[in-house]
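The primary structure of each chain is shown beneath.
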Amino acid sequence: MAKCPLCGKPLDWGELVEQMLSIENAEETLKDREKFIGAVEGFAFKCPHCGEEFYGKYLPRDEAEKVFELLNEFKGSIDWENKRVRLRLNSLLALDKMLENWDKKMKG
């Protein structure tokens, strides 16, 4: 799971996406995979633990891509009026990873 590159504490993808909801054309950005990944990589996030800023390019790209899929798979995943993410993204990412590992184990 994503960790702050400065203090090493785990990050909540929901909180990270909420920080991004303030960017111009956020709704449009969240519908286009390349725009979303580019926005994540170029965005200066603020760690809720240490308060320091870091760029999204230091976050795991595979997780960012999965977050994009989850946000677009579930209708109403974002409350645009209140700028809140309604999904528990970290829980969904963990479940997805667990299912991937299960599939590998069963095929191997």
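One numbering rule holds for all chains: residues counted from 1, following each sequence as written. The predicted nature of this model means local features are confined to residues of pLDDT at least 70 and side-chain atom pairs, given and counted, to a pLDDT of 80 or more, with totals for whole chains, interfaces and linings taken over all residues. Excluded from the side-chain calculation are hydrogens and water; included are all heavy atoms of the structure.

A. Structural detail: the nonpolar core. Trp-13, Leu-59, Leu-71 and Leu-89 are the most contacted members of the largest nonpolar core, which totals 28 residues. Helix and strand definitions follow DSSP, with helices as H or I runs of at least four residues and strands as E runs of at least two, each counted in order from the N terminus. For this core, the secondary-structure elements that each account for two or more residues are helix H1 (13-20), helix H3 (33-42), helix H4 (61-73) and helix H5 (89-107). Broken down by element, this core gets its largest block of residues, five residues, from H4. Residue contacts follow a heavy-atom distance rule, with two residues in contact if any of their heavy atoms lie within 4.5 Å. With sequence-adjacent residues up to four places away left out, Leu-89 is seen in contact with Trp-13, Gly-14, Val-17, Val-67, Leu-70 and Leu-71. We call a set of buried residues a nonpolar core when its members are Ala, Val, Leu, Ile, Met, Phe, Trp, Tyr or Cys and they connect through side-chain atoms within 4.5 Å of each other. Exposure is judged per residue with a 1.4 Å probe applied to protein chains only, and the accessible area is read against the type maximum: over 50% gives exposed, under 20% gives buried, and values in between give partly exposed.

B. Representation of the packing of H1 against H5 within the structure. Closest axis-to-axis distance for the H1/H5 pair is 7 Å, and the angle between their directions is 130°. Between H1 and H5, the angle is such that the two are oblique. Between H1 and H5, the contacting residues are Trp-13, Gly-14 and Val-17 on the first element and Leu-89, Asn-90 and Leu-93 on the second. Just so you know the grouping, Ala, Val, Leu, Ile, Met, Phe, Trp, Tyr, Cys and Pro go in nonpolar, Asp, Glu, Lys and Arg go in charged, and all remaining residues, Gly too, go in polar. In the contact of H1 with H5, the residues fall into four nonpolar, two polar and no charged. Under this scheme, a helix contributes an axis fitted over its contacting stretch, all axes are lines through C-alpha atoms, and angles between N-to-C directions fall in the 0 to 180 degree range. Roughly parallel means an angle under 35 degrees; roughly antiparallel means over 145; roughly perpendicular covers 65 to 115; every other angle is labelled oblique.

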